[in-house]
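# Structural description and commentary
Each chain is listed here by its residues.
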Amino acid sequence: CLCIISSSAVPHGIFVRIAWWITAFITFERCLCIAVPLKVKQIITPKRTIYVIIVIFIFTFLGMSPFMIANRIGPTFSPILNRTIYARIFNDNGLFVENFALMFNVASQFGAFIVDVLSTIVIAHLLTVKSKWRAEAASAKEGLSFRDKKVVKMVVLISAIFICCLLPSCLNFFLGVVLAPDYTLRGVQQNLFLVVWSAVLTLEAINSSVTIFVYYNMSSKYKAVLHKLIFDKTIKQTGEI
């Protein structure tokens, strides 16, 4: 069971962290669109975006690969079963390599959070300032327009979901690496580790699932495009049948 859990955790961790950094990059790009709208096309070009995505994939794979290098499948004695079983065991210097990978993941997770949170704060602030300026310039009632309020609300809500769902994962890694060395899959606190990570994985799944509903309910353009993609295709297929 531990072999299955630990081996499946590596590809899961790779793609979760890739998604985090892509989310952070998108939020940063959105921030530039508001901060420097006339220069953003020169700063964030399609070619540079491709390079950034490739770098995210490469660094994430390199950062997570030590987990696979540090372990191998081999015979080990199970005191619970009182017999020798095949499970994941450390290679030479495997513990050191795995700890290095854990430190990389802590830095990667907190880095993505910092970029996302700071970009979201800047977005909300700039939207507020620019909306007030437009209102004053037009001699209108001071305050945010309805459209700007929706944009700010949607951005803050998505960021809040991102933080609430994924911050426990960061704290869990930080706890295991820095504060409680025995809090690992093979440590004394193994049962607590498995229970907490079950909750963390559930939160990560929620974060990946609810965003579409946020956009659907708060973005009329997103809703219109989604309806066009789904219902127009369905009607076309029904007509062909």
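Residues numbered from 1 in each chain as written. Predicted model: local features only at pLDDT ≥ 70, side-chain atom pairs only at ≥ 80, totals over all residues. Heavy atoms only, no water.

## As for the overall build of the protein chain
On a plain count of helices and strands, the protein chain comes out with seven helices and two strands. Taken from the N to the C terminus, the helices and strands of the protein chain come in the order α-α-α-β-β-α-α-α-α. Taken across its 241 residues, the protein chain has 32% of its residues classed as buried. Taking all contacts inside the protein chain whose residues are at least 6 apart in sequence as the whole, residues at least 24 apart take part in 67%. (Helix = DSSP H or I, 4+ residues; strand = E, 2+ residues; numbered from the N terminus. Buried < 20%, exposed > 50% of the residue type's maximum accessible area, 1.4 Å probe, protein only. Contact = heavy atoms within 4.5 Å.)

## As for the packing of aromatic side chains
How two aromatic rings sit relative to each other is set out by the distance from centre to centre and by the angle between their planes. Enumeration over the complete set of coordinates arrives at five aromatic pairs. Geometrically, the ring pair formed by phenylalanine 113 and phenylalanine 162 is tilted, given 5.2 Å between the ring centres and 50° between the ring planes. On the criterion of sequence distance, the pair formed by phenylalanine 113 in helix α4 (residues 94–137) and phenylalanine 162 in helix α5 (residues 146–179) is long-range, its members being 49 residues apart. Each member of the pair, phenylalanine 113 together with phenylalanine 162, is buried. Ring pairs connect the aromatic residues Phe15, Phe57 and Phe61, which therefore count as one cluster. Looking at arginine 17, its charged tip hangs above the ring of tryptophan 20, at a distance of 5.7 Å from the centre. (Phe/Tyr/Trp six-rings, centres within 6.5 Å; stacked < 30°, edge-to-face > 60°. Lys NZ or Arg CZ within 6 Å of the ring centre and 35° of its normal.)

## Details of the nonpolar core
Of all hydrophobic cores here, the largest spans 14 residues; its most connected members are Ile14, Phe67, Phe173 and Trp197. Of all the secondary-structure elements, those providing two or more residues to this core are α1 (2–35), α3 (46–69), α4 and α6 (190–218). Isoleucine 14 has contacts with Thr60, Phe61 and Met64, leaving out every residue within four places of it along the chain. Residues Val16, Phe162, Leu166 and Val214 belong to the second largest nonpolar core, which totals 13 residues. (Core = buried A, V, L, I, M, F, W, Y, C linked by side-chain atoms within 4.5 Å.)

## Some points on α3
Between the first and last C-alpha of α3 there are 35 Å, a value that for 24 residues agrees with the 34 Å anticipated at 1.5 Å per step. For α3, the principal kink sits at glycine 63 and spans about 25°; a proline, proline 66, occurs within the next four residues. Within α3 the residues assigned to the buried category are Ile56, Thr60, Gly63, Met64, Ser65, Pro66 and Phe67. (Expected span 1.5 Å × (residues − 1). Bend = angle between axes of the 7 residues up to and from the residue.)

## Thoughts on the side chain of asparagine 207
Along the chain, asparagine 207 turns up in helix α6. Once you skip the residues sitting within four places of it in the chain, asparagine 207 turns out to touch Ile161, Phe162, Cys165 and Leu166.

## So, the UniProt feature "transmembrane region" (unreviewed entry) in the protein chain
The UniProt record marks residues 18–38, 50–69, 110–130, 151–180 and 192–216 with the feature "transmembrane region" (unreviewed entry), using the residue numbering of this structure. With 86% helix and 0% strand, residues 18–38 has its two end C-alpha atoms placed 29 Å apart. Counted over residues 110–130, helix gives 100% and strand 0%. Its end C-alpha atoms are 30 Å apart. (UniProt positions renumbered as here; feature names shortened; annotations may be inferred.)

## What to know about α6
Between the first and last C-alpha of α6 there are 42 Å, a value that for 29 residues agrees with the 42 Å anticipated at 1.5 Å per step. Its axis deflected by about 30° at valine 210, α6 carries its strongest bend there. Taken together, the buried positions of α6 are occupied by Phe193, Trp197, Val200, Glu204, Asn207, Val214 and Met218.

## Description of the side chain of arginine 17
Its location among the elements puts arginine 17 in helix α1. Here arginine 17 occupies a buried position and makes no salt bridge, while the nearest side chain of opposite charge, glutamate 204, is found at 5.2 Å. Discounting chain neighbours no more than four positions away, the residues touching arginine 17 are Thr60, Met64, Asn105, Gln109 and Phe173. (Lys, Arg positive; Asp, Glu negative; His and termini not counted. Salt bridge = Lys/Arg side-chain N within 4 Å of Asp/Glu carboxyl O.)

## Describing the state of the cysteines
Inspection of the entire model under this criterion finds zero disulfides. Between cysteine 164, a free cysteine, and cysteine 165, which holds the nearest cysteine sulfur, the sulfur-to-sulfur gap is 6.7 Å. Using a relative accessible area of 55% as the deciding quantity, one classes cysteine 164 as exposed. Given the relative accessible area of 8%, cysteine 165 is considered buried. (Disulfide = S-S within 2.5 Å.)

## Things to note about the confidence of the model for the protein chain
Mean pLDDT for the protein chain: 75, with 74% of residues reaching 70 or above. Taking the mean pLDDT of every element in the protein chain, the minimum, 69, falls on helix α7 (residues 220–240) and the maximum, 87, on α3. Predicted confidence for residues 1–5 stays below pLDDT 50, and this span has seven contacts to residues more than four positions away or in other chains. For residues 139–144, every residue scores under 50 in pLDDT, and the model assigns this stretch 11 contacts once sequence neighbours within four places are set aside. (pLDDT = per-residue confidence, 0-100.)

## Topic: a nonpolar patch on the surface
Where nonpolar side chains cluster on the molecular surface, the patch consists of Ile50, Tyr51, Ile54, Val55, Ile58, Phe59 and Leu62 and spans about 700 Å² of accessible area. Secondary-structure assignment places isoleucine 58 in helix α3. Exposure remark for isoleucine 58: the relative accessible area of 45% places this residue in the partly exposed category. (Patch = residues over 30% accessible without salt bridge, like charges linked within 9 Å, V, L, I, M, F, W, Y side chains within 5 Å. Areas by Shrake-Rupley, 256 points an atom, 1.4 Å probe, with all protein chains shown as cover.)

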